[in-house]
Amino acid sequence: MTEAIRMWAICMFSTAVGAGIVFATRSQSGVPQSKPVVLNVPIETVIPPSRFPGILPLKSPILVEFSDYQCPPCRSLEDSLSKESLGLKRVIRHLPLKMHRWAYDSAVIAEKARFAGNFDSVSRELFSVALDKKTLDKISVKYSITSKMTEQAEKVVNEDKRTADELKLRGTPSMILCLPDGKIMQIQSISQLKGLLE
């Protein structure tokens, strides 16, 4: 099976079920997981302080999402989480899949927007529209995103991809819940997330 087909299958395996989105995640052995997976990594790996200042040490739970702006389940997750009132701070990192032509470019635009202080608005828009060069150009003009900071933004996106590889994240979206008590868990569904927050 080619890498593109494998990643497509993992991405598309994520489906809307019951109270929320269910994500296909696999352990190192390749066995599908249905419970939260405890990640034994430093919190700084998941939430780098240089990128996200003021978050650490955690005072409340944080949801870290590794997303792809062209991934249909990522878009469903974004829509579902925006409708939920979980009172949960979210951090979006990037895992653009090779099969999605505009995912990497979108992630770079989002990071340039983060440098300019309008990441949330740009990210929401990237999740809500069909992506192509014309659309990305329109978004860049709308939010005054120029070619400045492109190199730094690419560095950030590439760092996210390396981190996702280090965490053995196999598809998008991948949700990681970080708790003030030091636990870091990969979450498979919104209902599972709600249960852990209760």
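For the structure itself, look to the data block above.
Residues numbered from 1 in each chain as written. Predicted model: local features only at pLDDT ≥ 70, side-chain atom pairs only at ≥ 80, totals over all residues. Heavy atoms only, no water.

J.: Please explain the nonpolar core as it appears in this structure.
T.: The tendency in soluble globular proteins is for nonpolar side chains to be buried side by side. In terms of nonpolar packing, the biggest core is built from 18 residues, with V46, I47, V64, F66, I176 and C178 touching the most fellow members. Of all elements in the fold, only strand 4 (62–67) and strand 6 (174–178) reach the threshold of two or more residues within this core. Sequence-distant contacts of C178, that is, excluding residues within four places in its chain, are made with I43, V46, I47, L58, S60, P61, I62, V64, K183 and I184. Of all hydrophobic cores here, the second largest spans 17 residues; its members include C71, I109, F119 and I139. (Core = buried A, V, L, I, M, F, W, Y, C linked by side-chain atoms within 4.5 Å. Buried < 20%, exposed > 50% of the residue type's maximum accessible area, 1.4 Å probe, protein only. Helix = DSSP H or I, 4+ residues; strand = E, 2+ residues; numbered from the N terminus. Contact = heavy atoms within 4.5 Å.)

J.: How should the environment of L81 be read in this particular structure?
T.: Examined against the element boundaries, L81 turns out to sit in helix 3 (residues 72–83). Note: C-alpha distance between L81 and I190 (109 residues apart in sequence) is 8.0 Å.

J.: Looking at this structure, how should I read the environment of Q192?
T.: Structurally, Q192 can be placed in helix 8 (residues 190–197). Taking relative accessible area as the criterion, Q192 reaches 15% and is therefore assigned buried. Note: C-alpha distance between Q192 and P36 (156 residues apart in sequence) is 7.9 Å. Ignoring any residue separated from it by four or fewer positions in sequence, one finds Q192 in contact with S34, K35, P36, Q186 and I187.

J.: Explain the pattern of salt bridges here, please?
T.: Tallied over the entire structure, the rule returns 13 salt bridges. One continuous salt-bridge network, built from bridges that share partners, spans R51, R93, E111, R114, E159 and D160. (Salt bridge = Lys/Arg side-chain N within 4 Å of Asp/Glu carboxyl O.)

J.: Explanation requested: the packing of aromatic side chains in the structure shown.
T.: The description of an aromatic ring pair rests on the distance of the ring centres and on the angle between the ring planes. In this structure the tally under the stated criterion is one aromatic pair. For the ring pair Y69 and F127, a centre distance of 4.6 Å and an interplane angle of 50° mean the geometry is tilted. Of this pair, Y69 sits in the loop between strand 4 and helix 3 while F127 sits in helix 5 (residues 119–128), and the two are 58 residues apart along the sequence. The class of Y69 is buried, set by a relative accessible area of 2%. With relative accessibility at 5%, the residue F127 sits in the buried group. One cation-aromatic arrangement involves R101 over W102; the distance from NZ or CZ to the ring centre is 3.8 Å. In this structure, R114 is placed above the aromatic ring of F119, and the distance from its NZ or CZ to the ring centre is 3.8 Å. (Phe/Tyr/Trp six-rings, centres within 6.5 Å; stacked < 30°, edge-to-face > 60°. Lys NZ or Arg CZ within 6 Å of the ring centre and 35° of its normal.)

J.: It is not clear to me how helix 4 (residues 103–116) should be interpreted in this structure. Could you clarify?
T.: Turn by turn, an α-helix covers 3.6 residues, leaving residues three or four places apart pointing in a common direction. Over its 14 residues, helix 4 runs 20 Å from end to end, which matches the ideal 20 Å to within 8%, given 1.5 Å per residue. Taken as a whole, helix 4 has its buried residues at A103, S106, A107, V108, I109, A110, E111, K112 and A113. Each element contacted by the buried residues of helix 4 is listed here: strand 5 (89–94), helix 5, helix 6 (133–142) and helix 7 (150–166). Downstream of helix 4 by a residue or two, G117 has a phi angle that is positive, lying close to 90°. (Expected span 1.5 Å × (residues − 1).)

J.: I tried to follow the side chain of E78 on my own but got confused; where do I start?
T.: Its location among the elements puts E78 in helix 3. Judged by its relative accessible area of 11%, E78 falls in the buried class. When residues no more than four places from it in sequence are discounted, the contact partners of E78 are E65, R90, I92, R124 and F127.

J.: Would you mind going over the sheet that holds strand 4 with me for this structure?
T.: Strand pairing in a sheet is mediated by backbone hydrogen bonds. Such pairs are either parallel or antiparallel. In space, the five strands of this open sheet follow the order 3-7-6-4-5, with mixed pairing throughout. Where the open sheet ends on each side, the last strands, each with one partner, are strand 3 (37–38) and strand 5. Bridge count for strand 4 against strand 5 is six bridges, and the pairing is parallel. Note that in strand 5 the partner of F66 across the bridge is R93. Strands strand 4 and strand 5 of the sheet are contacted by helix 7, whose axis makes an angle of about 95° with strand 5. (Pairing = 2+ DSSP bridges. Axes fitted to C-alpha atoms, helices over the stretch in contact; angles between N-to-C directions.)

J.: Just checking my understanding: could you explain the packing of helix 4 against helix 7 for this structure?
T.: Pairs of packed helices are described in terms of their axes, by the angle between the two and the distance that separates them. It is at 8 Å that the axes of helix 4 and helix 7 come closest, and there the two elements cross at 115°. Helix 4 and helix 7 meet at a crossing whose hand is right-handed. Contacts from Y104, A107, V108, E111, K112 and F115 in helix 4 reach T150, Q152, A153, E154, V156, V157, N158 and K161 in helix 7. (Left-handed = near helix turned anticlockwise from the far one by under 90°.)

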